[in-house]
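Each chain is listed here by its residues.
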Amino acid sequence: MSRAIMLVPICNNVGLQSVGLGVIRGMEREGINIKYFRPVLQNDKYSISDDIFSKYNLVPIDQSLKTTIVELALIAKKQDMLIEGIIDKYYLHSQNTEVVLIEGIITKYQFSTSLNYEIAKALNAKIIFVLKINSNDLLQAQDYIKLTQNSFGGMKNKNIVGVIFNKINAPIDHESYIFSNVLKIIDNCQVNKGIDNNLKKTFIDSPLPIIGKIPWNSNLIKIRAIDIYNYLNARIINQGDIKTRRIKSIVFCSYSLHNIIKYFNPETLLVISADRQEIIIEICLAVMNRIKISAILLTGIYKINKYINKLCKHAFQNGLPVFMVNHNIWQTFLHLQKLNITIPNDDVYRIEQTQEYIANFIKPSWIKSLTLTSNHSIYLSPAAFRYKLIELSRKAKKCIVLPEGNEPRTIQAAIICAERKIANCILLGCPQEIRRVSISQGINLNNAIKIINPVTIKEKYIARLVELRKHKGMNSLIAKTQLEDNVVLGTMMLEKNEVDGLVSGAIHTTANTIRPSLQIIKMLPNSSLVSSIFFMLLPDEVLIYADCAINPNPNSIQLADIAIQSADSAILFGIEPRVAMISYSTGNSGVGSDVEKVRQATLIAQKKRPDLIIDGPLQYDAAIIEDVAKLKAPTSKVAGKATVLIFPDLNTGNTTYKAVQRSANVISIGPMLQGIRKPVNDLSRGASIDDIVYTIALTAIQAAQNKK
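The name that an unreviewed UniProt entry assigns to the chain is Phosphate acetyltransferase, with the source organism given as Candidatus Pantoea edessiphila. What UniProt records for the chain under Subunit (unreviewed entry) is the sentence "Homohexamer."

Below, the structure is given as structure tokens:
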């Protein structure tokens, strides 16, 4: 799996793309295979021809989300769909890449901080803050960092790995433009040599390492004469070296000649009204005397005197570019104030210079650390888990029966599943009643939704039900009565392989959903019991809780089997299983029959499946909190980073899952049954439409796995 690193700008105009280029070059020097990913294209006018990252792109820029689309989606409260789309692009293209460098959203957008955080969480990305800094603003920068860190989960967020300072001591009045008049020429080369020491002193207590300290370098913003020519849509008077001449400053020659001559400097663009012929001649003389003025920009609608052309002929032959616009000098001044000096795609020299310069200031030890095998645990974020559910269910292409066919949430979930190709759903119920409910709820029934009237089919399952349950005294009359229950009817459809899975519980109890499957479908041959898991979608990760719905008081052997079943389910859904056997005691600190049961279950599970990482007894806090784990179980491979938590009994498990779900406002998906021959899954009666959709998805995935 590729490593994701996100550059997050925390103030305006930090030079994010330049930093990205430098980080890429630093990684290339270490032989790291790296790609650049822009989840959101932050200039909707940006085109492929403008893209300086074309050879590094994870996906083409025309596949990145436009900011206008993002804003509309956020207003419509469809952030989850945005994140899923971003995850889709990331996982689809990142398989063969070691590192993906993600471009964060710049601060000019109100949604930038929250969406950057959600994207980072979804992709489990390491976060690096990027800001520009001046020697006078060190304390303010420290406050910026602390404030932003708090917005990204604070010090508890271990994925915040450092900060890069860019444009150290850039001119205070410099933004993205390069211009001046004859009274003021910006000299951007001065750098305060003492800022490095000041940085160290100011950030000595900072919890964030400084990954890069990049001094301001005016040479990196020297644009070409042709860039200004293209920007102004000018016309050529003399082409000269227009493609290679670099411009560091712009002088507007609006004063008398003796006040202007001193500004005839190398790497300067001179802007002159075309009727100031004496100045044009003077410039040409300066050029002929080997003062390498970069270019001349003429303004106005005047015609150039042919004698002036003759006098300037030798200067023109020295490669002096001259171009002209119809605007007057004041209008041209206003236009050039808005000249953006970001690096053009075809300016290979400037791209190369920027990469090499910035790479030299990125901490080598940090880059080398990326080549080492990571000891950090890999967590699956809630957004990535939801994405994986949808993708796996689409590949499964299964048919799921929904016995509660006239329940409004179930109808809407079935429509969503059809539209997103998650599964083919069958609604059991009276067609007229389902259509009436749909109309009353404003739901448009999709033609892909199949509706089956139970009255028309239940007779054909009577004989089979009698056969399956005759040892329990089943007869035709009882079977006919039981088949009045749509859950029983749906379970019979599943038993006869007419559908691949069943989801119910929006209006039925857990017992009503699960009992028919235990009676009719039965367990897998290698299972000693049926158990259940909940997927707990915490803010930053997904945990599995078991058993929270089925077994009231499992013995040590059964508890071991629940642990193994749950670990296998974790693997199926892309979660790295680190199994914690939960108790009121950690290690050997407690005694008693309850903790002994957990201790024995741990030993049994470890012996049965030595390939799995299982540890216990562990208290809940020792299982999931690293600082507690260091104190209570310092040698455990599970403590502090558990992903699968096995509770000792139903009372503990059900109480804990509901407490976490309600108190922390956590989405829980489940219970998902384990150990049964075919997938049947229960819903909470308070389930949302999304809950039902995701439960249908995991049922389809189970069906595909069971078939294997």
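(A) Structural view of the overall build of the chain. For the chain, the helix and strand inventory stands at 28 helices and 26 strands. Each of the three principal axes of the chain carries a C-alpha extent, and together these read 115 × 65 × 35 Å. Going through the 708 residues of the chain one by one, you find that 54% of them count as buried. Within the chain, contacts between residues separated by at least 24 positions form 76% of all contacts whose residues are at least 6 apart in sequence. Carbon and sulfur atoms provide 52% of the accessible area of the chain, an area that totals close to 32500 Å². Each charge sign in the chain was given a centre, from 82 positive and 59 negative side chains, and these centres are 3 Å apart.

(B) Up close: the state of the cysteines. If you walk through the whole model with that rule in mind, you get zero disulfides. With no disulfide partner, C417 has as its closest neighbouring cysteine sulfur the one in C425, 4.4 Å distant.

(C) Spatial organisation of the sheet that holds strand β14 (residues 295-299). One open sheet accounts for five strands, arranged β10-β15-β14-β13-β12; its pairing is mixed. Because the sheet does not close on itself, it has two edges, and the strands there are β10 (235-238) and β12 (249-252). The mean inter-strand angle of the sheet, taken between neighbouring strand axes irrespective of direction, is 25 degrees. In this sheet, strand β13 (residues 268-273) lies alongside β12 in parallel orientation, the contact comprising four bridges. Across the sheet, the residue bridging to F252 is V271, located in β13.

(D) The arrangement of unusual backbone geometry in detail. G616 connects to P617 through a cis peptide bond whose omega is -5 degrees. Structurally, the position occupied by P617 is in strand β23 (residues 613-618). A positive phi angle, near 55 degrees, is found at K167, a position not held by glycine. Within the secondary structure, K167 sits in strand β7 (residues 160-168).

(E) Broad picture of the packing of aromatic side chains. Inspection of every chain in the model, using the stated rule, returns 17 aromatic pairs. Judged by centre distance (4.9 Å) and plane angle (35 degrees), the rings of F385 and F535 are tilted. One end of the pair, F385, is in helix α15 (residues 382-396); the other, F535, is in strand β20 (residues 531-537), with 150 residues separating them in the sequence. For the residue pair F385 and F535, the accessibility class agrees, reading buried in each case. A ring pair is formed by Y545 and F647, whose centres lie 5.2 Å apart and whose planes are at 80 degrees; its orientation type is edge-to-face. Remark: F647 occurs in the loop between β24 (644-646) and α27 (650-663) and Y545 occurs in strand β21 (residues 542-546); sequence separation between them is 102 residues. Take Y545 and F647: they sit in the same class, and that class is buried. Cluster of aromatic residues (ring-pair linked, three or more members): F37, Y90, Y91 and Y387. Here the basic side chain of K121 rests over the ring of Y117, its NZ or CZ set 4.5 Å away from the ring centre.

(F) Spotlight on helix α23 (residues 556-572). Compared with an ideal rise of 1.5 Å per residue, which puts 17 residues at 24 Å, α23 spans 25 Å between its outermost C-alpha atoms and is within 8% of the ideal. Counted residue by residue, α23 has 12 buried out of 17 residues, so it is predominantly covered. Buried within α23 are the following residues: S556, L559, A560, D561, I562, A563, I564, Q565, S566, A567, S569 and A570. Close packing links the buried residues of α23 with β20, β21, β22 (578-582), α24 (593-608), β24 and β25 (667-674).

Quick notes on the rules
- Each chain carries its own residue numbering, running from 1 in the direction its sequence is written.
- Restriction of local features to residues with pLDDT of at least 70 applies here, the model being predicted, together with a cutoff of 80 or more for giving and counting side-chain atom pairs; totals for whole chains, interfaces and linings are based on all residues.
- By convention in this description, side-chain values take in all heavy atoms of the structure and omit both hydrogens and water.
- UniProt positions are given in the numbering used here, feature names are shortened, and annotations may be inferred rather than shown by experiment.
- Helix and strand definitions follow DSSP, with helices as H or I runs of at least four residues and strands as E runs of at least two, each counted in order from the N terminus.
- Only protein chains enter the accessibility calculation, which uses a 1.4 Å probe; a residue is then buried when its area is under 20% of its type maximum, exposed when over 50%, and partly exposed in between.
- The contact definition used throughout considers only heavy atoms, calling two residues in contact when any of these lie within 4.5 Å.
- Each accessible area value is a Shrake-Rupley result obtained with a 1.4 Å probe; residue values ignore everything except the protein chains displayed when judging cover.
- Charge convention: Lys and Arg are scored as positive, Asp and Glu as negative, and His as well as the terminal groups of each chain are ignored.
- Charge placement uses NZ in Lys and CZ in Arg. For Asp and Glu, CG and CD serve respectively.
- A pair of sulfur atoms, both from cysteines and within 2.5 Å, is called a disulfide here.
- For two strands to count as paired, DSSP must find a minimum of two bridges between them.
- Axis angles are defined between N-to-C directions and span 0 to 180 degrees, where every axis is a line fitted to C-alpha atoms and, for a helix, only to the segment in contact.
- When two rings of Phe, Tyr or Trp (its six-membered ring) have centres within 6.5 Å they constitute a pair, described as stacked for plane angles under 30 degrees, edge-to-face for angles over 60, and tilted for the intermediate range.
- For a Lys NZ or an Arg CZ to count as sitting over a ring, it must be within 6 Å of the ring centre and within 35 degrees of the ring normal.
- In a helix, the anticipated span is given by 1.5 Å times the number of residues less one.

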